[in-house]
Amino acid sequence: RIIKTQGSTIPLGRKRACLRALGETRQPWLLSRYLQYSIDETKIRPQDTVSVVAYVSRNPLGRQLAWNFVRTQWDALFAKYSSGSFSFGRMISYVADYFNTEFEEQEFQSFFSSRYGGSGAMEVAHAAERIRSNVKWLGDNEMLMDTWLTQFFASIDKRQTF
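Cut-offs and rules
Residues numbered from 1 in each chain as written. Predicted model: local features only at pLDDT ≥ 70, side-chain atom pairs only at ≥ 80, totals over all residues. Heavy atoms only, no water. Axes fitted to C-alpha atoms, helices over the stretch in contact; angles between N-to-C directions. Helix = DSSP H or I, 4+ residues; strand = E, 2+ residues; numbered from the N terminus. Parallel < 35°, antiparallel > 145°, perpendicular 65-115°, else oblique. Left-handed = near helix turned anticlockwise from the far one by under 90°. Contact = heavy atoms within 4.5 Å. Buried < 20%, exposed > 50% of the residue type's maximum accessible area, 1.4 Å probe, protein only. Arc of directions from axis to C-beta.

Before going further, it helps to examine the packing of helix α2 (residues 28–37) against helix α3 (residues 49–58). In contact at an axis separation of 9 Å, α2 and α3 are set at 165 degrees when each is read in the N-to-C sense. Taken as axis vectors, α2 and α3 run roughly antiparallel relative to one another. You can see that α2 and α3 cross each other, and the crossing is left-handed. On α3, the residues touching Leu31, Tyr34 and Leu35 of α2 are Val52, Val53, Tyr55 and Val56.

Right, let's talk about helix α5 (residues 74–81) for a bit. Taken residue by residue, α5 has Trp74, Leu77 and Tyr81 as its buried positions. Projected down its long axis, α5 carries its buried residues within an arc of 70 degrees, all on one side. More than 90 degrees from the buried face of α5, the exposed residues found are Asp75 and Ala79. Buried residues belonging to α5 abut α3, α4 (63–72), α6 (86–96) and α7 (102–113).

Note that every value here comes from positions in space, so none of it alone points to a role or purpose.
Structure below.
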């Protein structure tokens, strides 16, 4: 029912709220279907595809799904959005925002090493730098954060009385 709002006269703000809500589901199969719907113009407007990818990639359960979607649909997405579209670059950024492991960094670099980013080329470079920064920050601070969180939650447990 929410998807059908796309062709109706419902105000844009409400449509955006519906798109955002669909990206927050806790059902991975629905997130996957939602991503597939985003490239079906009979279900979701083409100008909303990037928003759908963004909403799904913000969901911890959808991050890998969004990244896989972008990779498997790259040729179609590139053909449709890469020519002068700022939203295409943002889509690359959205899927990479939470990457923080060496594996994700290598996967990102490997994928884009053989592909031209079109209007998103600059964003590919920026995203790669953010990923490197995330990996470094996590490497430098993981033990410190683990210690702090352990101590913090231990102090909460001591204060709670049942």
